[in-house]
Structure formats: structure tokens, C-alpha cells
Amino acid sequence: MIETQIPNPTLDDTVYSVIDVETTGLSAKLNRVIEIGIVKVKNLKIVDRFETLINPGTAIPNFITQFTGISNADVYDAPYFEDVLPEIKEFVDDSIISGHNFSFDSSFLKYEFMRNGSEPLYNEQLCTMKLARRMFPDLRSKSLSSITKHLKLRNKSAHRALSDAEVTARALIKMIKMLKKDSKIKSVSELLGYQRKAIAARNTKVKESLREDVSSVPNAPGIYYFLNSRRKIIYVGKAKSLRDRIRSYFSPTAPKKAKRIITQARRLKIEVTNTELTALLTEAEVIKKSNPKHNYQLKRYGHKYFLMVTRNHTSPRIEISNHFDFDGDDYFGLFNSRKKAEAVLEIIDKTFLLRECTDKEFSKHKKCFLAEIERCTAPCVPGDSNEYEKELNRVYEFLFGKNQTALNRLLNKMKDYSDKERYEKAAEVKEVIDMILAQTHKSSLLAEPVNNANVLFEVSGSFAKDYILLLAGKIYVRDSKLSSTITFEDALDNYYGNVIYNDIMPTEEDLEKLKISLNWLIKNRNNVRIFYLKEYLSKEELLLNLSSFSKPAKVQDESSFDIQELATV
């Protein structure tokens, strides 16, 4: 009897079709595909692309339009899925079909094929998320954006099918090359087997007494410290849930870094905080003061950038500043990097009609190119200044987080370009719209510039509340262990007592606390109430409006235990 050999092509010889779909919702059974993008890979190179919008035969929800930029008008004249089904089959052919979190995309394809009387695709499937879980176990998130960032890839237009498919294809190519080199995977069968491979567990045992100690840790936010035999802090961290975080260190699947820390530590100390925010602030301060050997981040004060509106000029412009002052100009931010500040400034420049010229160019009182193409109201030319002031007010609204005016203006502009068949210009406007929808900047939490913001934040945690005061660029936390020459109560009394400070400028430490606080508050705005101090005549009137300020803050519980009962086998 002659034995038949099943072909097992090499990774280079295999053809992959990387697929991404945009949909009207999350249910493959109830929702429909509105766009599909496919990228073909051969010899570990991108060789072909396929993309099309699809008329779903139903309305596209507004939140999907905001997320993807695809509107009902866009798909009105697009083909139905049944019209493009033969093209999809022909393009994919017998290649391996792939995608990121591919079970989502394949489930939509399955239902769309079945609705149109066609058998689903039975091609072998390869998921880059499954590969990532095995290749990058220490990477906290395995989302497409996280993986592409880790692999140093750029997605030019996230949440559009072809762009997502293309960046996934480039990620797949890189991952296959890494597996060939590091894991000696050569064939398709080995690659498909690798994605199904169980994630290896580390062989660790925890003695029962230590397990009981870990189980007793409260399910509350807080700080935890690992100390060595000399009682020196070697690592400090924060957690939303101390219990879950501490358990993760003693889990069989704990990352290498966690195992390295607990093998060098003698004791573990925990402190409960009212909310995650106070845990974050405490963590940052302790790291800078104690310099723990296993903490690599937050040891230095990072870069901070603001968008500065030059109010000292008759026709203010917006520019990026790396300092904060009380000089009459307005400051918005702050931003962790210059790149993030530039992204918001680019949105403003492309959406609003403020001047971008230098003061020297402005003084010539002549219209520039931007004025000619109606990108500026030309305040340099003597005349009515009301229009420029109105435009500046619109920018302030945008910086306060009110995006609708900007979006309406851009959507009208994009439609106008499309009607005139100036599709490249329409695409450029679409990019700005995507930037607005994706951009979250710190200033959108506040309804006034940072330099003018005197605000009390009431932050609700699962078990208690925190009260955070932002005053003249400085952060004060009620009943906090954070170092400060002035307490929360004193700062509040000083504001309503009109006390004048000699040292008004925020320090690097103050700005670091401001950065951490604003970043957290904007992400958790549903748990935050904001009180502008200027709206209340006295401290007593302010406190009457707070939920439970008169109640004492939660006492910060502390406990510690020996962790040298961990055994490795």
C-alpha cells in the first residue's frame, strides 16, 4: 500500500488572506457588515488588496458612524453583500484566512454567507490575537492597537476595514518571522498548532498559611509594597483591587517580573485608599522618594506640554508650551508628550479659522495664503474683529470638550467636497473627523483653562469618596498621606479667605500630580462631580452641596505579612 503524504507548505509559500469587517453592531446574528477589507500575503509580503463598502439594508447607528466614519449616505449606493460575495470567494480562494480577534470577523462572514444561500468559508483560520497571547504573555493588552504599538507599526486609519486589515497583515508577517527565528516554526501545520498551544503555566506552590493571608487582602483600591530583608522597598504598585492584584503575583501564570520580585522580597505591605486615584498619586510619590529597584517607570518627572492661547495679543494664536504660568495667557492640557499636544493643535488648525502666523508676519497687516484659502479670518487686516473673537470662542468650546460644532463644520465641508467630486480633499477632512472622535485630551474635563481653574472634585469609589482640590495648578487631597506644606482644608480656607501666596508657581511635583489627576479623572468622569469654587460665596456654601463631606474619610487600613513561604518547584 502506497502512503499518501499530505502537503505541508512552508510559511513562506503559504498564501494568507487577512480580513477585517466593520459592522452595524456586535451581534453577528442581528447586525450586518457595512465594509470589508482583505489583504493578501504571499512570500510574507503584501501582494494584493480588496475593499468595498456594503449596503447593510438597514440604518447605521449614530455611534457606529462616529466610531468608523461610515454613514448611511456613504453606503446608500454601495453594493449589497450578495453582490460582492462571489468576489470575496474568488479573492480568498483556498488561502488561510486570518484577522485579529478573528472569531468576531469570521462569525459575521458566516452569517452573511448563510443569509445569501452560500456555504460559509471552510478555510483554515489563523488569529493574530491568539498568536499574541502565546508570543507576548507579558503584554497587558492583546488588542490590535496594543500589538501594533508593540511591533512598532502604524495604523493610518483605525476602525476602517482595509486599514485595520493591512496593519494586521503587517503584524502577522512580523510575528511569523519571529516564530521562524525564535521557535523554529517552519510549516503551516506547526503555525496552526502553535496558536492552539496551551499557555504554559509556571510551576509554583504557595503554602496554605500564605494563601490565607493573600485571601484576607481587601477587595479595595490601594498601594502595595514589596520589601526585602532589610525592610527596604524594592517594588511599589497600585491596584483597583488589592486582592486581585496580590493574588496575581502568586498565581501559577504570574509574569516573570512578578516571580522575580517575590523571590527577592521578604514582606508584603498593603495600604487601602478611598479610590484608585489616591492610590495612583501615592504610588508616583513613593517611587520618586524610595527609588525601588524593580520600578522602572515614574522615577522621573515626565515631559509636560500645554496648548497656550496668547491672550496678551489683540488677536490670540495657539501654540505649544512646555511650561505653565500665570502671565495672562490661557493654558490648556496638560499633555504627556509633545506629539499629543500637536495632534490637538492640528485638529484646531484644520477645523477653525485662527491665525497660525508669527507676530512678525501679523504686523505686516497683509493677507497670507491661509486667509486666501479661507483657513483664517485675516485679523491682521484692519477691520471688524468680532468674527475672530467668535472663532476663538468656538475653539474654547472645543477645548472644553464640546465637539459638536467642530464635527458639524467638518461634516458639511466633507459633503461639499464629495458633491464636487474632490474626493482627496474629502478624505483629508475625514481624517480630521477621525482625529476628533479618537482624541481625548485632558482639558475636556474642565470648563475653563487650567491656569484659571479652582475646582473641587468629588470622586466616588466603591467604598468611600475622595475629595481633590485643584487650586492654582496644585493638587490637594483630603486626608491624604501625600507630602504637602499646605493641607486640603488649609488650601480651601485660604481660597475663600483671599490669602495671597508668595510662592504661587507649581513645582514639578505639583504638575506631576496634576497630570496624574486629570488623566484619571477624565477616564472616570462618570464617577466624578465637579464644583467650581467661584460659583460659591463661601466654603460652607460649597460643602453643603457635597454628598457626604461631613462624614470622616475612610481610614487607610494597613497590613503586612511574610511572603517567604512561597516555594518554587
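No experiment lies behind these values; they were computed from the predicted model shown.

Quick word on the nonpolar core
Next up, step 1: Residues Tyr 16, Leu 126, Leu 131, Phe 136, Met 175 and Leu 191 are the most contacted members of the largest nonpolar core, which totals 32 residues.
Next up, step 2: Those elements that provide at least two residues to this core are β1 (15–23), β2 (33–42), α5 (128–135), α6 (144–150), α7 (161–182) and α8 (188–196).
Next up, step 3: Excluding residues that lie within four positions of it along the chain, Met 175 makes contacts with Thr 128, Leu 131, Ala 132, Met 135, Phe 136 and Leu 151.

A few points about the sheet that holds strand β3 (residues 45–53)
Hydrogen bonds between backbone atoms are what pair the strands of a sheet, whose relative direction is either parallel or antiparallel.
Next up, step 1: Read from one edge to the other, the open sheet built from five strands follows the order β3-β2-β1-β4-β5, with strand pairing classed as mixed. The open sheet terminates on both sides in strands that have one partner only, identified here as β3 and β5 (125–127). Each strand axis lies, on average, 25° off the axis of its neighbour in the sheet, ignoring direction.
Next up, step 2: The strands touched by helix α4 (residues 102–115) are β1, β2, β4 (96–99) and β5; relative to β1, the strand with the most contacts, the crossing angle is about 80°.

Some details on a positive patch on the surface
Next up, step 1: A cluster of basic residues, Lys 149, Arg 154, Lys 156, Lys 339, Lys 340 and Lys 523, forms a positive patch at the surface.
Next up, step 2: Its location among the elements puts Arg 154 in the loop between α6 and α7.

Concerning a negative patch on the surface
Next up, step 1: Negative charge collects at one region of the surface, where Glu 82, Asp 83, Glu 87, Glu 90, Asp 93 and Asp 94 lie side by side.
Next up, step 2: Of note, Glu 90 is situated in helix α3 (residues 81–92).
Next up, step 3: According to the relative accessible area criterion, Glu 90 is exposed, its value standing at 63%.

Brief notes about the packing of α5 against α8
Next up, step 1: Direction vectors running N to C along α5 and α8 enclose 70°, while the axes themselves pass 8 Å from each other. Considering the angle they form, α5 stands roughly perpendicular to α8. In this structure, α5 uses Lys 130, Leu 131, Arg 134 and Met 135 to contact α8, whose residues at the interface are Leu 191, Tyr 194, Gln 195 and Arg 196.
Next up, step 2: Partitioned by chemical class, the residues of the contact of α5 with α8 number four nonpolar, one polar and three charged.

Points about the layout of surface pockets
Next up, step 1: The space that makes up the second largest pocket amounts to roughly 510 Å³.
Next up, step 2: Taken together, 18 residues make up the lining of the second largest pocket; nearest its centre are Lys 350, Arg 375, Lys 413, Tyr 417 and Lys 425.
Next up, step 3: By residue class, the composition of the lining of the second largest pocket is six nonpolar, one polar and eleven charged.

What to know about α4
Next up, step 1: Look at α4: 20 Å from first C-alpha to last across 14 residues, which is about the 20 Å you get at 1.5 Å a residue.
Next up, step 2: Residues of α4 that are buried include every one of Phe 102, Asp 105, Ser 106, Phe 108, Leu 109, Glu 112 and Phe 113, and no others. For α4, the angular spread of buried residues about the axis comes to 160°, placing them on one side.
Next up, step 3: Packing partners of the buried residues in α4 comprise β1, β2, α3, β4 and β5.

A short note on the pairing of β2
Next up, step 1: Counted residue by residue, β2 has nine buried out of ten residues, so it is predominantly covered.
Next up, step 2: With nine bridges joining them, β1 and β2 adopt antiparallel strand pairing. The residue bridging Ile 19 from the neighbouring strand is Ile 38, located in β2.
Next up, step 3: The pairing of β2 with β3 spans eight bridges and is classified as antiparallel. Directly across from Val 39, in β3, lies its bridge partner Arg 49.
Next up, step 4: In textbook terms, the turn of a hairpin is the stretch between consecutive antiparallel strands, and for β2 and β3 this stretch comprises two residues, one of which, Asn 43, has a positive phi near 55°.

Brief notes about the packing of aromatic side chains
Remark: the centre distance and the inter-plane angle together describe each pair of aromatic rings, the angle taken between the planes.
Next up, step 1: Evaluation of the coordinates by the stated rule reveals 17 aromatic pairs.
Next up, step 2: Ring centres 6.1 Å apart and planes at 90° place the aromatic pair Phe 306 and Tyr 331 in the edge-to-face group. In this pair, Phe 306 is assigned in strand β10 (residues 305–309) and Tyr 331 in strand β12 (residues 330–335), connecting sequence segments 25 residues apart.
Next up, step 3: Owing to a relative accessible area of 0%, Tyr 331 belongs among the buried residues under this scheme.

With respect to the environment of Val 272
Next up, step 1: Its location among the elements puts Val 272 in strand β9 (residues 267–272).
Next up, step 2: In the structure, Val 272 is positioned 286 residues away from Glu 558 in sequence and 6.6 Å away in space, judged by C-alpha atoms.

Points about the pattern of salt bridges
Next up, step 1: Following the criterion strictly, the structure yields 29 salt bridges and no others.
Next up, step 2: Between Asp 12 and Lys 180 there is a salt bridge, and its shortest N-O distance comes to 2.9 Å. Of the two residues, Asp 12 sits in the segment before β1 while Lys 180 sits in helix α7, which places them 168 residues apart along the sequence.
Next up, step 3: The partly exposed category is assigned to Lys 180, whose relative accessible area is 31%.
Next up, step 4: Between Arg 160 and Glu 35 there is a salt bridge whose closest N-O contact spans 2.8 Å. Residue Arg 160 is found in the loop between α6 and α7, and its partner Glu 35 is found in strand β2; the two are separated by 125 residues along the sequence.
Next up, step 5: By relative accessible area, Arg 160 is classed as buried at 19%.
Next up, step 6: Where salt bridges share partners, they join Lys 288, Lys 304, Glu 508, Glu 512 and Lys 515 into one cluster.

Considering the side chain of Gln 195
Next up, step 1: Checked against the element boundaries, Gln 195 lands in helix α8.
Next up, step 2: Assessed through its relative accessible area of 5%, Gln 195 is described here as buried.
Next up, step 3: Separated by 2.8 Å, the side chain of Gln 195 and the backbone oxygen of Gln 125 make a polar contact.
Next up, step 4: The residues contacting Gln 195, other than those within four sequence positions of it, are Gln 125, Leu 126, Cys 127, Lys 130, Leu 131 and Arg 134.

Reading the values: rules and limits
- Residues numbered from 1 in each chain as written.
- Predicted model: local features only at pLDDT ≥ 70, side-chain atom pairs only at ≥ 80, totals over all residues.
- Heavy atoms only, no water.
- Core = buried A, V, L, I, M, F, W, Y, C linked by side-chain atoms within 4.5 Å.
- Buried < 20%, exposed > 50% of the residue type's maximum accessible area, 1.4 Å probe, protein only.
- Helix = DSSP H or I, 4+ residues; strand = E, 2+ residues; numbered from the N terminus.
- Contact = heavy atoms within 4.5 Å.
- Pairing = 2+ DSSP bridges.
- Axes fitted to C-alpha atoms, helices over the stretch in contact; angles between N-to-C directions.
- Patch = residues over 30% accessible without salt bridge, like charges linked within 9 Å, V, L, I, M, F, W, Y side chains within 5 Å.
- Areas by Shrake-Rupley, 256 points an atom, 1.4 Å probe, with all protein chains shown as cover.
- Salt bridge = Lys/Arg side-chain N within 4 Å of Asp/Glu carboxyl O.
- Lys, Arg positive; Asp, Glu negative; His and termini not counted.
- Charge placed at Lys NZ, Arg CZ, Asp CG, Glu CD.
- Parallel < 35°, antiparallel > 145°, perpendicular 65-115°, else oblique.
- Nonpolar A, V, L, I, M, F, W, Y, C, P; charged D, E, K, R; others polar.
- 1 Å grid on protein atoms, 1.4 Å probe; cavity = no way out; pocket = protein on both sides within 12 Å on 5 of 7 lines; lining within 4 Å.
- Points joined across faces, edges and corners; volume = space filled by probe spheres on them.
- Expected span 1.5 Å × (residues − 1).
- Arc of directions from axis to C-beta.
- Phe/Tyr/Trp six-rings, centres within 6.5 Å; stacked < 30°, edge-to-face > 60°.
- Polar contact = N/O pair within 3.5 Å; in protein donor to acceptor, adjacent residues only side chain to side chain.

That is the geometry; function is a separate question.
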